[in-house]
Amino acid sequence: MPEGIGDRYHKETKYYPEKMSGRGLDWSSKPSPYKEYPRSRRIELPQLEPSSAMSLDEALRKRTSVRDYSDEPLSLRDLSYLLWASTGIQRVEQGYEFRTAPSAGALYPIDTYVVANRVEGIAAGLYHYAIRAHALEELRLGDLRLESARAALGQSICYDAAAVFVWTAIFYRSKWKYEQRGYRYIYMDAGHIGENLYLSATGLGLGACAVGALFDDELNRLLGVDGEEESAIYMAAVGHPL
Ligand SMILES: Cc1cc2nc3c(=O)[nH]c(=O)nc-3n(C[C@H](O)[C@H](O)[C@H](O)COP(=O)(O)O)c2cc1C
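Just so you know, these numbers come straight off a predicted model, no measurement behind them. (Residues numbered from 1 in each chain as written. Predicted model: local features only at pLDDT ≥ 70, side-chain atom pairs only at ≥ 80, totals over all residues. Heavy atoms only, no water.)

**With respect to the overall build of the protein**
Next up, step 1: Of the regular secondary structure elements, the protein holds 8 helices and 9 strands.
Next up, step 2: Dimensions of the protein, computed from C-alpha atoms along their principal axes, come out at roughly 55 × 50 × 40 Å.
Next up, step 3: The burial tally for the protein puts 49% of its 242 residues in the buried class.
Next up, step 4: Carbon together with sulfur atoms contributes 51% to the accessible area of the protein, which is approximately 12,400 Å² in total.
Next up, step 5: Computed over 28 positive and 33 negative side-chain charges, the inter-centroid distance for the protein is 4 Å. (Helix = DSSP H or I, 4+ residues; strand = E, 2+ residues; numbered from the N terminus. Buried < 20%, exposed > 50% of the residue type's maximum accessible area, 1.4 Å probe, protein only. Areas by Shrake-Rupley, 256 points an atom, 1.4 Å probe, with all protein chains shown as cover. Lys, Arg positive; Asp, Glu negative; His and termini not counted. Charge placed at Lys NZ, Arg CZ, Asp CG, Glu CD.)

**Details of the nonpolar core**
Next up, step 1: Judged by nonpolar contacts, the single largest core of 63 residues is most densely connected at Leu 74, Leu 79, Leu 82, Ile 122, Phe 165, Val 166 and Met 235.
Next up, step 2: When sequence neighbours within four positions are dropped, the list of residues in contact with Leu 79 reads Leu 74, Val 114, Val 119, Ile 122, Leu 136 and Phe 165. (Core = buried A, V, L, I, M, F, W, Y, C linked by side-chain atoms within 4.5 Å. Contact = heavy atoms within 4.5 Å.)

**A closer look at the site of the ligand**
Next up, step 1: The full set of residues close to the ligand is Arg 63, Thr 64, Ser 65, Arg 67, Gln 155, Tyr 198, Cys 209, Ala 210, Val 211, Gly 212, Ala 213 and Tyr 234.
Next up, step 2: Within the backbone of Ala 213, an N or O atom sits 3.2 Å from an oxygen atom of the ligand.
Next up, step 3: Protein chains bury 53% of the 620 Å² of accessible surface belonging to the ligand in isolation.
Next up, step 4: Examining the composition of the shell around the ligand, we find that 3 residues originate from one element, strand β8 (residues 207-211), more than from any other. (Near = heavy atom within 4 Å. Polar contact = N/O pair within 3.5 Å; in protein donor to acceptor, adjacent residues only side chain to side chain.)

**Section: the packing of aromatic side chains**
Next up, step 1: Overall, the coordinates contain 9 aromatic pairs when judged by the stated rule.
Next up, step 2: Taking 6.5 Å as the distance between ring centres and 85° as the angle between the ring planes, the aromatic pair formed by Tyr 9 and Tyr 183 counts as edge-to-face. Note that Tyr 9 is positioned in helix α1 (residues 5-12) and Tyr 183 in helix α7 (residues 182-203), a separation of 174 residues in sequence.
Next up, step 3: Judged by relative accessible area, which is 25%, Tyr 9 ranks as partly exposed.
Next up, step 4: Relative to Tyr 113, the ring of Tyr 37 lies with its centre 6.3 Å away and its plane at 80°, an arrangement referred to as edge-to-face. Residue Tyr 37 is located in the loop between α1 and β1 (42-44), and its partner Tyr 113 is located in strand β4 (residues 110-116); the two are separated by 76 residues in the primary sequence.
Next up, step 5: Its relative accessible area of 0% is what places Tyr 113 among the buried residues. (Phe/Tyr/Trp six-rings, centres within 6.5 Å; stacked < 30°, edge-to-face > 60°.)

**A look at unusual backbone geometry**
Next up, step 1: With phi around 50°, Tyr 108 is a residue other than glycine that occupies positive phi space.
Next up, step 2: Looking at where Tyr 108 falls in the secondary structure, it is placed in the loop between β3 (96-99) and β4.
Next up, step 3: For Leu 153, which is not glycine, the phi dihedral falls at a positive 55°.
Next up, step 4: With respect to the element layout, Leu 153 can be found in the loop between α4 (145-151) and α5 (157-160).

**Brief notes about the sheet that holds strand β5 (residues 125-130)**
Next up, step 1: Pairing within the open sheet is antiparallel, and its 7 strands lie in the order β1-β6-β5-β4-β7-β9-β8. Edge positions in the open sheet fall to β1 and β8, since each of these has one partner strand only. For this sheet, the mean inter-axis angle between neighbouring strands, taken without regard to orientation, is 30°.
Next up, step 2: With 3 bridges joining them, β1 and strand β6 (residues 135-141) adopt antiparallel strand pairing. (Pairing = 2+ DSSP bridges. Axes fitted to C-alpha atoms, helices over the stretch in contact; angles between N-to-C directions.)

**A word on α7**
Next up, step 1: The end-to-end C-alpha separation of α7 is 32 Å, in line with the 32 Å expected for 22 residues at 1.5 Å each.
Next up, step 2: Judged by how many residues are buried, α7 sits mostly within the fold: 16 of 22 residues are covered.
Next up, step 3: Once α7 finishes, Gly 205 follows within two positions and takes phi at roughly 80°, a positive value. (Expected span 1.5 Å × (residues − 1).)

**A word on the pairing of β8**
Next up, step 1: Most of β8 is tucked away: 4 of the 5 residues are buried.
Next up, step 2: Pairing of β8 with strand β9 (residues 230-239), which is carried by 5 bridges, proceeds in the antiparallel orientation. Note on β9: the bridge partner recorded for Gly 207 is Gly 239.

As structure tokens, then:
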């Protein structure tokens, strides 16, 4: 196979002991790890009370990619828990908020959007997870099942799911410190969040399936993000298993 951009990227972003000179960071330009939609209607999410108490060991043994969902809607309580478990704030240390998933440099480059197809208590549509407020920001109402399935290379799991999580990367949050190497960490961060979602969904008796096969620009249009500063990179379908 001829060398391609991925091979070159990997080579050119390697760390070497002799080249770790240590670039000073401009703390005044550190990007905020929180995106907010201040003009959107906010929907407070219910208190965090997981509806089941499955052990981590059991969830690890049971986790699998679930692609067939029943018509049963997702409760807002379960959606609330899934959002928190995948990327919510779980502690504050010296004034800094840390999340359920690890993140390189605690820079948190990943934002979460939810395409709600069948979620009790909220209308079908597109929402953004306001992490700090543990709330949803309503971005667009309507049946987006076809649009999200099309953006996922036509995969019907996004049409059938009760909700679809879409993760975007706001690249500068990581590039501010790690420059081009930051892309490696961004995708690792998204993977951690994805596994948190898988395990928490399993723990609630729900099914999830990661979706990496997506038409980037189509999905970015659905979200209303520019695809450069912020781009969709990963999705997951969630619902009650059939
Ligand atoms: C990065 C990534 C992307 C994936 N993309 C898709 C996808 O687009 N469609 C799909 O049906 N499954 C997708 N999967 C799920 C894998 O097919 C699945 O994890 C794998 O077959 C192992 O099965 P298991 O998750 O049940 O253990 C993806 C998984 C990962 C980690």
